[in-house]
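Coordinates in review
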Amino acid sequence: MADELNDAVRVPALGDLITYLPPRIWYLTANGSDMWCRRPYTFFFSSDEAAMAFATASGVGDQMSPIGLDSKHLLADEMLGMLQAMDVTRIFVDPEIDPATGDVHGAILRLASHN
């Protein structure tokens, strides 16, 4: 995955994360609850269609389903703890895969520690 540091949006605190996300986000899951990620990245989408298009382009479309939730739920201690436990430090928002190279492109939010 391309880590384009100059294009990344730096988020100074997790509480500010909500201002960079659409009101409702979707993530991909294989079991109906656990968030799919590729450390240190996870992937959020502004629609279930965008999530499934990304899953299909990634070659995991037949294994994944999108789950939607209000962005404000990301600020819950449980969700933030889950992201930290998975060693997620960057969130792609509405990523796309370059069909020629397989590189992932899109806005990247960097998570600051909430300790």
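The model shown is predicted, which means the values in this text are computed figures rather than measured ones. (Residues numbered from 1 in each chain as written. Predicted model: local features only at pLDDT ≥ 70, side-chain atom pairs only at ≥ 80, totals over all residues. Heavy atoms only, no water.)

Re the overall build of the protein chain
Counting secondary structure elements, the protein chain contains 2 helices and 7 strands. Secondary structure elements of the protein chain occur, N-terminal to C-terminal, as β-β-β-β-α-β-α-β-β. Per-residue burial over the protein chain gives 37% buried out of 115 residues. (Helix = DSSP H or I, 4+ residues; strand = E, 2+ residues; numbered from the N terminus. Buried < 20%, exposed > 50% of the residue type's maximum accessible area, 1.4 Å probe, protein only.)

Remarks on the packing of aromatic side chains
Counted according to the given criterion, the structure contains 6 aromatic pairs. Here Phe 43 and Phe 92 contribute two aromatic rings whose centre-to-centre distance is 5.8 Å and whose plane-to-plane angle is 10°, an arrangement assigned as stacked. Placement of the pair is Phe 43 in strand S4 (residues 41-44) and Phe 92 in strand S6 (residues 90-97), with a sequence separation of 49 residues. Phe 92 shares its class with Phe 43; the two are buried. Where Phe 45 meets Phe 54, the ring centres are 5.4 Å apart and the plane angle is 45°; that geometry is what we call tilted. This pair shows no difference in class: Phe 45 is buried, exactly as Phe 54 is. Put simply, the rings of Trp 36, Tyr 41, Phe 43, Phe 45, Phe 54 and Phe 92 touch in pairs and so form one group of aromatic residues. Of note, Arg 24 hangs over the ring of Trp 26, and the distance from its end group to the ring centre comes to 5.5 Å. (Phe/Tyr/Trp six-rings, centres within 6.5 Å; stacked < 30°, edge-to-face > 60°. Lys NZ or Arg CZ within 6 Å of the ring centre and 35° of its normal.)

Focus: the pattern of salt bridges
Inspection of the entire model under this criterion finds 1 salt bridge. Between Asp 70 and Arg 24 there is a salt bridge whose closest N-O contact spans 3.3 Å. Residue Asp 70 is found in strand S5 (residues 65-70), and its partner Arg 24 is found in strand S2 (residues 24-29); the two are separated by 46 residues along the sequence. The class of Asp 70 is partly exposed, set by a relative accessible area of 30%. Since its relative accessible area comes to 37%, Arg 24 is described here as partly exposed. (Salt bridge = Lys/Arg side-chain N within 4 Å of Asp/Glu carboxyl O.)

Structural notes on the pairing of S6
Pairing between S4 and S6: 4 bridges, direction parallel. Its bridge partner being in S6, Phe 43 is matched across the sheet by Phe 92. In the sheet, S6 pairs with strand S7 (residues 104-110) via 6 bridges, with the strands oriented antiparallel. Considered in S7, the bridge of Val 93 is made with Ala 107. Turn length for the S6-S7 hairpin, with the two strands adjacent in sequence and antiparallel, is 6 residues, and the turn residue Gly 102 shows positive phi of about 80°. (Pairing = 2+ DSSP bridges.)

So far we have only geometry, and geometry alone does not tell us how the molecule works.
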